[in-house]
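Listed here are the chains, written in short residue letters.
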Amino acid sequence: MPASALPAFGTPLRLGPHELANRVFTAPMAGVTDLPWRRLARRLGAGHCVSEMVASRAELRASRKTALRMNHDGEPGPVAAQLVGVDPVEMAAAAHANVEAGARIIDINMGCPAKKVCNRWAGSALMQDEDLAVSIVDAVVRAMQPLGVPVTLKMRTGWCSEQRNAPRLAHAAQEAGVALVAVHGRSREQGYGGEAEYETIAAIKARLRIPVVANGDIDSVAKARAVLSATGADAVMIGRAALGRPWLPGHIARALRDGVEPAPPGVSEQGQWLLEHLRAHHAHYGGAGIGSARKHVGWAVATLPGGAQFRARFNTLAEAQAQLDAVAEYFERLADIEPAGAAA
């Protein structure tokens, strides 16, 4: 007997002047959710995709890395850009710069656990200084209000398990004008280890009147349902489970909307999508895309027959066309031995 559809997932979620396509989002992940990946994930059904984090410091905007992250050519709207930084004035200025580059939603990063970010007191390190964190939120919201640009916040449960201050900080952010809060159910101390907990997200949802998005360890339709039931969240956010599977958020969204989980895509579809992604990746990065494409292809084939061997061979290829030819050949062979829909 199919599970019933979740009522809220048949209705759109509004974010300021915007109506999001559905309530299954992709988590911003540095080195993963770049423009080619976001365009594909959105086409395959993700309801909302936030950019990789963009540094707020003005002197970094001229760098190729930041310029690529601020590029939204051909991206379906509303475009959301995530900012990371520690200075309220810089963050407000960066919000303006990203709006000029095409962003229509600004997201503030208080969730990244990476040492190179936290050592500068940015990302989740801001949760240790609530006054500074709220000052940043206030500055960005004030800068964006005249433009009608909503501001969202991505955070963790706290710095460590003994300091789960996310409910207090989320409420303060709401009062400062944030339009939505996404919460990863881990502390910064956990990184990506252990298991996500959802009690803190439930406490935040109970306290706030704005939408709350649950994030952390959501890798299937069943897990999404369980997390929504445990937290009462308005939406879910898919992170590492979408590595190599940009179709997964759309797959989960359709199941939550319809009450029936569709069959997973077959290997032929997965191969077509990976080739589409690979071509867009090469076009976006130029020659540098040959190296960075390897991780995406590795993730995509990790659970497929002969995936480990193929990845090892693929990683030796040094030309874009050779990469495309290898992927096409691998999936053609796989389609011959696997029935459609057999690959998950």
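Report on the accompanying structure.

Basis of the calculations
Residues numbered from 1 in each chain as written. Predicted model: local features only at pLDDT ≥ 70, side-chain atom pairs only at ≥ 80, totals over all residues. Heavy atoms only, no water. 1 Å grid on protein atoms, 1.4 Å probe; cavity = no way out; pocket = protein on both sides within 12 Å on 5 of 7 lines; lining within 4 Å. Points joined across faces, edges and corners; volume = space filled by probe spheres on them. Helix = DSSP H or I, 4+ residues; strand = E, 2+ residues; numbered from the N terminus. Nonpolar A, V, L, I, M, F, W, Y, C, P; charged D, E, K, R; others polar. Buried < 20%, exposed > 50% of the residue type's maximum accessible area, 1.4 Å probe, protein only. Polar contact = N/O pair within 3.5 Å; in protein donor to acceptor, adjacent residues only side chain to side chain. Contact = heavy atoms within 4.5 Å.

**A few points about empty space enclosed by the protein**
And step 1. This structure, assessed with the given rule, holds three cavities of 30 Å³ or more.
And step 2. By volume, the largest cavity is sized at about 130 Å³.
And step 3. Looking at the largest cavity, the residues that line it are Trp37, Leu40, Gly244, Pro246, Trp247, Gln270, Trp273, Leu274, His277, His296, Ala300 and Phe331.
And step 4. Contributions of two or more residues to the lining of the largest cavity are made by helix H1 (35-43), helix H10 (267-285) and helix H11 (289-301).
And step 5. Counting residues per element, the lining of the largest cavity draws most heavily on H10, which supplies four residues.
And step 6. Of the residues belonging to the lining of the largest cavity, the class tally is eight nonpolar, four polar and no charged.
And step 7. Looking at the second largest cavity, the residues that line it are Phe25, His48, Val50, Asp107, Thr152, Leu153, Leu180, Ala182 and Met237.
And step 8. Of all elements in the fold, only strand E4 (48-55), strand E7 (151-156) and strand E8 (180-184) reach the threshold of two or more residues within the lining of the second largest cavity.
And step 9. A per-class count over the lining of the second largest cavity returns six nonpolar, two polar and one charged.

**Topic: the side chain of Gln82**
And step 1. Structurally, Gln82 is set in strand E5 (residues 80-84).
And step 2. A relative accessible area of 2% means that Gln82 is categorised as buried.
And step 3. A polar atom in the side chain of Gln82 sits 2.9 Å from the side chain of Asn109.

**Digging into the environment of His282**
And step 1. Mapped onto the elements, His282 comes out in helix H10.
And step 2. Judged by relative accessible area, which is 11%, His282 ranks as buried.
And step 3. Once you skip the residues sitting within four places of it in the chain, His282 turns out to touch Gly289, Ile290, Ala293, Ala320, Gln323 and Leu324.

Function cannot be inferred from these measures alone, as they are strictly geometric.
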